[in-house]
Amino acid sequence: MAAFAADPIKVGILHSLSGTMAISESTLKDTMLMLIEKQNENGGLLGRELEPVVVDPASNWPLFAEKARELLAKEKVDVIFGNWTSVSRKSVLPVVEELNGLLFYPVQYEGEESSENVFYTGAAPNQQAIPAVDYLMNEIGVERWVLAGTDYVYPRTTNKILETYLKDHGVAEEDIMINYTPFGHSNWQSIVSDIKSFGSQGKKTAVVSTINGDANVPFYRELGNQGISASDIPVVAFSVGEQELSGIDTAPLVGHLAAWNYFMSVDADANYDFIDQWVAYKGDENAVTNDPMEAHYIGFNMWLEAVKKAGTTDVDAVKDSIIGVSVPNLTGGYATMMPNHHITKPVLIGEIQDNGQFSVVWETPSTVAGDAWSDFLPGSKDLISDWRKPLFCGNYNVVEKTCGGGEKVATN
């Protein structure tokens, strides 16, 4: 073990280890512990040891705010890696801003947000939802759309964007069905029956799923029970990855789709190295990797580079130094932190296989830069985010040349 100087650098890990989201979030806690352990074996950071501080907000959204405050005010962590659901991130946001913390958020989300204290390493809608709809429309010929989601901010905002996008592309209102269910929903019989009926009108139908957490297991099971195969009504999911599939019988799911920016099956040396490291860390030959794990891998390495570049863990210095930082992703390319605190990512569509893995059936020709503000919502289409000085604004209106509806910003 290397001899470390002075005090450790504390890294907060804010993920649900119990409750409805533990199926997805526990893995991210372990990912962070693995990355920190490896970095310490490689000499730590600035000659100091990294010390993980793990808390369990227990899938309780207000508790996320309390735990974030505990990490920043009491534990004095230098950075936080955490959250999955948008409702938990929205809970944490005012605390991180008030206490000037740094949050790296690793999961796809609805956009319509930009904070100087948050780095969004998951996909924005233009890096997942929009390309997935384009794929279904152009490659599969889908004409009727079921937008099915868990009832909270991410599915509702994403579906608002998708509904506008579909209508802009000539889809009639009666060809769009929207449904929301609570977290942990388990009785899918009538909803799946409605989907089956909606899809029996002679037009190619698909489900765009923003169902989160453990509700996915009975949803897919019910599709199988009612004989809905991927060739009849394909489902493209935004929150189902290798981790979620590892605990269920995937036979009824074969051929259904997911849109992510990484799959475990990607053929790249960096990916094979990461998988080997993860399998060894877990001591489990069957351990799987997934997209939000890659986002933490990217975010952690970006933070390391920014700290090295700044020569300090000081939050304001790191915020300045991280813009423009590029690090390898796991698909064989690079991720770059953009001025809007989103990153560049490839978009992949994967088809579920009977072994619980995904076969990539489509991908973007190059990486896509995350867009904080959607081009398809009236209140957002003129907004950009740029956290570089002198603009330093999360919602700059390019038409009115104002930041957040306030003072005019000088652009010359």
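What you see is a predicted model; the values in this text were computed from it and never measured.

A short note on the overall build of the protein
Scanning the protein from N- to C-terminus turns up 11 helices and 19 strands. Compactness check: the protein gives a C-alpha radius of gyration of 21 Å against a globular reference of 22 Å for 412 residues, within 12% of the reference. With the principal axes as the frame, the protein shows a C-alpha extent of 70 × 55 × 40 Å. For the protein, contacts bridging at least 24 residues in sequence account for 66% of all contacts bridging at least 6.

Considering the pattern of salt bridges
Tallied over the full model, the rule gives 18 salt bridges. Measuring nitrogen to oxygen at the nearest pair gives 3.2 Å for the salt bridge that ties Glu163 to Lys167. In this pair, Glu163 and Lys167 both sit in helix H5 (residues 153-168), four residues apart, roughly one turn of the helix. A relative accessible area of 34% means that Lys167 is categorised as partly exposed. We note a salt bridge from Glu305 to Lys308, for which the minimum N-O separation is 3.4 Å. Linking Glu305 with Lys308, this pair stays in helix H10 (residues 291-310), spanning three residues, or about one helical turn. Exposure remark for Lys308: the relative accessible area of 44% places this residue in the partly exposed category. Several salt bridges converge on common partners, so that one network encompasses Arg89, Lys90, Glu110 and Glu113.

Concerning the state of the cysteines
Per the stated rule, a full pass over the model turns up one disulfide. Residue Cys393 pairs covalently with Cys403 via a disulfide, S to S 2.0 Å. Note on the Cys393 and Cys403 pair: the S-S dihedral is about 100 degrees, so by sign convention the disulfide is right-handed. Highlighted residues: Cys393 in strand S18 (residues 393-397) and Cys403 in strand S19 (residues 402-403), separated in sequence by 10 residues.

Comments concerning unusual backbone geometry
Between Lys389 and Pro390 the backbone carries a cis peptide bond, its omega angle lying at 10 degrees. Summarising the element assignment, Pro390 is placed in the loop between strand S17 (383-386) and S18. Backbone geometry places Glu112, a non-glycine residue, at a positive phi of 60 degrees. Along the polypeptide, Glu112 turns up in the loop between strand S4 (103-105) and strand S5 (118-120). A relative accessible area of 17% places Glu112 in the buried class.

Topic: helix H4 (residues 129-140)
In this model, H4 (12 residues) spans 16 Å end to end at C-alpha, consistent with the 16 Å of a helix rising 1.5 Å per residue. Taken residue by residue, H4 has Ala129, Ile130, Pro131, Ala132, Val133, Tyr135, Leu136 and Met137 as its buried positions. Backbone geometry just after H4 places Gly141 at a positive phi near 75 degrees.

Re the side chain of Thr344
Within the secondary structure layout, Thr344 lies in strand S13 (residues 344-345). Each residue touching Thr344, except ones within four places of it in the same chain, is listed here: Gln127, Tyr334, Ala335, Thr336, Met338, Thr367, Val368 and Ala369.

What about the sheet that holds S19?
Strand order in the open sheet made by the three strands is S17-S18-S19, with antiparallel pairing throughout. Where the open sheet ends on each side, the last strands, each with one partner, are S17 and S19. Alignment of S17 against S18, held across three bridges, turns out to be antiparallel. Paired with Asp386 across the bridge in S18 is Cys393.

Some points on the pairing of strand S15 (residues 358-363)
Strand direction decides the pairing type here: strand S14 (residues 348-352) and S15, joined by five bridges, are antiparallel. Among the inter-strand pairings, Glu351 is bridged to a residue of S15, identified as Ser359. The antiparallel hairpin formed by S14 and S15 contains five residues in its connecting segment, where Gly356 sits at a positive phi of about 80 degrees.

Concerning the sheet that holds S4
Spatial ordering of the open sheet is given by S2-S1-S3-S4-S5, a layout of five strands whose pairing is parallel. Every interior strand has two partners, whereas the edge strands, strand S2 (50-55) and S5, have only one. Taken over all neighbouring pairs, the strand axes of this sheet differ in orientation by 25 degrees on average, direction set aside. Pairing geometry for strand S1 (residues 9-14) and S2, over six bridges, is parallel. The residue bridging Gly12 from the neighbouring strand is Val53, located in S2. Each of S1, S2 and strand S3 (79-82) is contacted by helix H2 (residues 61-74), which is oriented at about 175 degrees to S1, the strand it contacts most.

Topic: the packing of aromatic side chains
Using the criterion set out here, one finds 19 aromatic pairs in the structure. Ring plane angle 20 degrees and centroid distance 5.0 Å describe the contact between Phe81 and Phe104, whose orientation is recorded as stacked. Taken together, the residues span a long stretch of sequence, with Phe81 in strand S3 and Phe104 in strand S4 at a distance of 23 residues. Each member of the pair, Phe81 as well as Phe104, carries the same accessibility label: buried.

What to know about the packing of helix H1 (residues 22-41) against H10
Orientation of H1 relative to H10, taken along the N-to-C sense of each, is 35 degrees, at an axis distance of 10 Å. Here H1 runs over H10; the crossing is right-handed. In this structure, H1 uses Thr27, Leu28, Thr31, Met32, Leu35, Ile36 and Gln39 to contact H10, whose residues at the interface are Pro292, Met293, His296, Tyr297, Phe300 and Leu304. Residues of the contact of H1 with H10, tallied by class, amount to nine nonpolar, four polar and no charged.

What counts as what
Residues numbered from 1 in each chain as written. Predicted model: local features only at pLDDT ≥ 70, side-chain atom pairs only at ≥ 80, totals over all residues. Heavy atoms only, no water. Helix = DSSP H or I, 4+ residues; strand = E, 2+ residues; numbered from the N terminus. Rg over C-alpha atoms; globule rule 2.2 N^0.38 Å. Contact = heavy atoms within 4.5 Å. Salt bridge = Lys/Arg side-chain N within 4 Å of Asp/Glu carboxyl O. Buried < 20%, exposed > 50% of the residue type's maximum accessible area, 1.4 Å probe, protein only. Disulfide = S-S within 2.5 Å. Expected span 1.5 Å × (residues − 1). Pairing = 2+ DSSP bridges. Axes fitted to C-alpha atoms, helices over the stretch in contact; angles between N-to-C directions. Phe/Tyr/Trp six-rings, centres within 6.5 Å; stacked < 30°, edge-to-face > 60°. Left-handed = near helix turned anticlockwise from the far one by under 90°. Nonpolar A, V, L, I, M, F, W, Y, C, P; charged D, E, K, R; others polar.

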